[in-house]
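Structure at a glance
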Amino acid sequence: MHEHDVIVVGAGGAGLRAAVAANEEGADVALVSKLHPVRSHTGAAEGGINAVLRDGDSFESHAEDTMKGSDYLGDAPAIETLCHQSPKETVQLEHWGMAFSRDDDGRMSQRPFGGLSFPRTTYAGAETGHHLLHTMYEQVVKRGITVYDEWYVSRLAVTDHAEPEDRECHGVVAYDVQTGKVDAFKARNGVILATGGPGQVYDHTTNAVANTGDGPAMAYRAGVPLEDMEFIQFHPTTLPSTGVLITEGVRGEGGILYNAEGERFMFEGGYAKNVGELASRDVVARAELTEINEGRGFEDDYVHLDMRHLGEERITDRLENIIHLSEDFEGVNPLEDPMRVKPGQHYAMGGIEVSENGETCIGGLYAAGECACVSVHGSNRLGGNALPELIVFGARAGRHAAGKEMETAEIETGPAASIGSGDVDTPVSPGSIDTSEDGVAADGGQAGDDRATDGGAVVGMDETVERALDQEQARIEHLLEKDEGVQHADIRSKLQESMTENVNVFRNEEGLKQALRDIREAREAYQDVYVNDPSRTFNTDLQHTIETRNLIDLAEAITLSALARTEFRGAHWREEYQDRDDENWIKHTMLAWNEGSPDLYYAPVILDGEDKSYEPKERHY
Amino acid sequence: MSTQLQRTETEGDESPQEQRLERKSLAEGEREAQRTEEESTGDETPHVHLKVFRYDPEVEAKREPRFDDFRVPAPQGTTVLDALMYARDEFDSTLTFRHSCRQAVCGSDALFINGSQRLGCQTQIQDLDQRPVRVEPLPHQEVEKDLVVDMEHFYDQMEAVEPYFQGETPDEEEQLQSRENREKVKMSTRCIWCGACQSSCNIAAGDNEYLGPAAINKAYRFAMDEREDDDIKKHRMNILEQEHGVWRCQTQFSCTEVCPKDIPLTEHIQEMKREAVKDNLKFW
Ligand SMILES: Cc1cc2nc3c(=O)[nH]c(=O)nc-3n(C[C@H](O)[C@H](O)[C@H](O)COP(=O)(O)OP(=O)(O)OC[C@H]3O[C@@H](n4cnc5c(N)ncnc54)[C@H](O)[C@@H]3O)c2cc1C
Ligand code: SF4
Ligand code: FES
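Reading the values: rules and limits
Residues numbered from 1 in each chain as written. Chains lettered and ligands numbered in written order. Predicted model: local features only at pLDDT ≥ 70, side-chain atom pairs only at ≥ 80, totals over all residues. Heavy atoms only, no water. UniProt positions renumbered as here; feature names shortened; annotations may be inferred. Helix = DSSP H or I, 4+ residues; strand = E, 2+ residues; numbered from the N terminus. Buried < 20%, exposed > 50% of the residue type's maximum accessible area, 1.4 Å probe, protein only. Contact = heavy atoms within 4.5 Å. Rg over C-alpha atoms; globule rule 2.2 N^0.38 Å. Areas by Shrake-Rupley, 256 points an atom, 1.4 Å probe, with all protein chains shown as cover. Lys, Arg positive; Asp, Glu negative; His and termini not counted. Charge placed at Lys NZ, Arg CZ, Asp CG, Glu CD. Domains from an automatic or database assignment. Salt bridge = Lys/Arg side-chain N within 4 Å of Asp/Glu carboxyl O. Polar contact = N/O pair within 3.5 Å; in protein donor to acceptor, adjacent residues only side chain to side chain.

Taking an unreviewed UniProt entry as the reference, chain B is identified by name as Succinate dehydrogenase and fumarate reductase iron-sulfur protein belonging to Halococcus morrhuae DSM 1307. Turning to chain B, the UniProt record has this under Pathway (unreviewed entry): "Carbohydrate metabolism; tricarboxylic acid cycle." Turning to chain B, the UniProt annotation filed under Sequence similarities (unreviewed entry) states: "Belongs to the succinate dehydrogenase/fumarate reductase iron-sulfur protein family."

Looking at an unreviewed UniProt entry, one finds chain A named succinate dehydrogenase, with Halococcus morrhuae DSM 1307 as its source organism. Taken from UniProt, the Sequence similarities (unreviewed entry) comment for chain A reads in full: "Belongs to the FAD-dependent oxidoreductase 2 family. FRD/SDH subfamily."

Next up, the structure:
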């Protein structure tokens, strides 16, 4: 058994920043990550970090842009914290040596991005995330912070108290991918989940293969509600063949979108008469799909993004990486031809419900980064607002977990924040499947599974951790022991197809219900899943099998939340409900696992900030 | 359930682990047959023949390293990584390799493809002239299983050059850096720690302690950054001038040829040698 003050699960931008912050507070901190830190998907971020750094820009303006972008579903305390602290955190990265692009006067360069009223997206070429990730990892190396790399975390060690807000998280269980050894990690102070996005729920995504939403799925099953899961961002410019992202920076620098009839449709089609290509992502993604669906796309599949007029020099200076990506992954040289682009899954606005200090409703359990929902992004994230979220809220969670005195959060978490329960009519019942003990072991069950048989609740620190270790060993043994059945790859690909078909940019009731049926089928199939690879050494078959269970839970959470929200807001478009309904729907969707029978309720959106009150306005770009 | 029956039948002196390995290798034989069958039902999509290195110290049938053949569909645009994923998901879920981003940025899938170090995700099948396409783990590193090699030594070398910024920084203001200087270090900052260069280097193969091209490039990245001062540069040069440092390089350019990020590694190493000479003149 390993023991540290703070255990950080995940070593992307958020996890690394959290670990450094906890270390600076004097805590003994360890990172546990299924990938070596530099392999994390933060490295793929291209465009930049929004930060108010220059004369003429202001926090208020950044906050207002973000609130408008969120379509009035972001929480003011979260947004204001982000806007106030991003400049300091961004300069901190510079002090740690990050290779930002530079203006002639030697200061960090900033560029325009969609939905921003000032060019405040601070960048390092079109590889900002790569530089951020490596700079952060360098700081971890410098401080000698312990890293357990290629360790897969598969369970949280959480006490059995009946109410989630009474529970405590005392550690995690993980296995060493290289040797298969299952071991427990006891956390004296707290566990911070920083496991990144859930993009693998879809099959056309800018996310990495490792982005399987393990953190949200584990937290959900342990009793933490998932917030606003219906809001999935589809990025308007991804390469059609692979889903590789072409940064919004291309449009920021002046790139133009054309349909097959040669029209600059963002203006000519009336989608965004003022700012055209620089409208918010949800607006551009819907415009493209409308063009394609109405027969004005190329090969019924994509539109063109042209940046040739910017000239080779400017492109090489600011967007060089884009030339490589388009050439290597689509075979198009963007200096000579327009690039092919279409919308693809990109980002999850929702996630593990947390406060501005990263706390969940379970004591000692924190979350930060894309896996968490504070909520800064509401129903639609602005480009360039995720990277600052990683460093601002990563650092805050790290400090809080290390025991630093911080102001009490304004955002309340857990069932106590409920303002009423939700209602949704589902064609099949969601949640876990009641089966034999065999089935429970296969899908991992949840913390507290053997509560009844034990005759009493497990509440102590050591027994909680030991029990979680036993449960996980039994589950992994079960998966490896089983000789035949269904393989995860079959379940996963069907799930991804259904989600891409039914829970995409355009959604309707029938599609969402179909997705729920398909998800149920996936759950049933999963009862019979087995791991074909018998080896303990680097068993990726086992890892992908466990991840697939997580994908099922998250797909269901996304779809249930989407079916329940009968309005059109931000990234969530409903065929039957074409208006934003402020009267009934300015509220966060909350989904609690509730021991396997998901419970839907709502929590308030905080529009009153410290600086001002945000009045919902109609969103025009 | 049939699994339980089997279990009692094979119960003997063997550990459960061994029994499991045995049972599963049986199942593997069946799938092999299925694979051959699928090949013969030809369709229109072009296919590619992959020859993939297999090894698992724990599994009887894979203890002796061998090559497995896979025939997978490869329409235009298919990368070696796509082909491997297809082979794994459709034919043999035990096929093991590292991968994550699929876009040449995470550095997980440096492989030995048709005899040279490349990223699987960045290599289009149609750009390879040799058939079958041979896929092997990176040479000169210990193989853990199939295409997965032990990267620990590579990481140790990277970390040996104190790969972190050590400049003095102002309180709140950003530091200034000229566009020229940023340009100077730009290529060196693109490294994704894939290990291709190290694996291609004859010197590194012969001298385990040689820092290697990636680590020297990492040191270059900081040594040439004007935001660090001369004392720190001196300290960095000391690390590079040690016995297993820059002077080992014999400018064979193999690292530069394989680097998927086009980093001019040999040039950077040469420049560090020149800096070292300058440095020594100064201090003699
Ligand atoms: C292509 C692309 C471009 C983007 N560009 C921008 C941009 O320009 N600006 C911007 O603001 N945002 C951008 N974003 C969004 C932003 O990059 C991401 O939201 C952010 O990087 C996520 O960081 P993270 O630290 O939360 O997760 P990640 O960087 O994905 O890290 C997750 C970590 O968790 C670990 N992990 C996961 N599961 C487990 C487990 N079970 N056990 C142990 N470890 C685990 C992984 O190993 C990894 O280390 C972009 C996103 C993508 C996909
Ligand atoms: S220098 Fe190039 S080849 Fe070597 S590790 Fe870095 S990216 Fe890979
Ligand atoms: S999969 Fe990330 S570099 Fe190839």
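Okay, back to it.
A few points about the overall build of chain B
Broken down by element type, chain B carries eleven helices and seven strands. The 284 residues of chain B split such that 55% are buried. Considering only contacts in chain B between residues 6 or more positions apart, those separated by 24 or more positions represent 66%.

A few points about the overall build of chain A
For chain A, the count of helices and strands is 17 helices and 21 strands. Compactness check: chain A gives a C-alpha radius of gyration of 23 Å against a globular reference of 25 Å for 621 residues, within 12% of the reference. Among the 621 residues that make up chain A, the fraction classed as buried is 69%. Sequence separation of at least 24 residues holds for 75% of the intrachain contacts in chain A that already meet a minimum separation of 6. For chain A, the computed accessible surface area is about 18,700 Å², with 42% contributed by carbon and sulfur atoms. The averaged location of the 113 negative side-chain charges in chain A is 3 Å from the averaged location of its 54 positive side-chain charges.

A look at the domain arrangement of chain B
Many descriptions give the size of an interface as the accessible area lost when the pieces come together. Residue and element names in this part refer to chain B. Domain annotation of chain B identifies domain 1 (45–149) and domain 2 (152–167 + 177–280). For domain 1 versus domain 2, the separation of C-alpha centres amounts to 29 Å. Connecting domain 1 to domain 2 are zero salt bridges. Applying the counting rule to domain 1 against domain 2 returns five residue pairs in polar contact (both at pLDDT 80 or more).

Some remarks on the pattern of salt bridges
All names here are of chain A. The full count for this structure, using the stated rule, is 80 salt bridges over all chains. Among the salt bridges present, the one from R467 reaches D160, with a minimum N-O distance of 2.8 Å. Taken together, the positions of R467 in helix α13 (residues 461–481) and D160 in the loop between β7 (151–158) and β8 (169–176) put the pair 307 residues apart, joining distant regions of the chain. When sorted by exposure, R467 lands in the same class as D160, which is buried. Members of the salt-bridge network, linked through shared partners, are D71, E230, D282, R286, R565, E567, R569, R580, D582 and R619.

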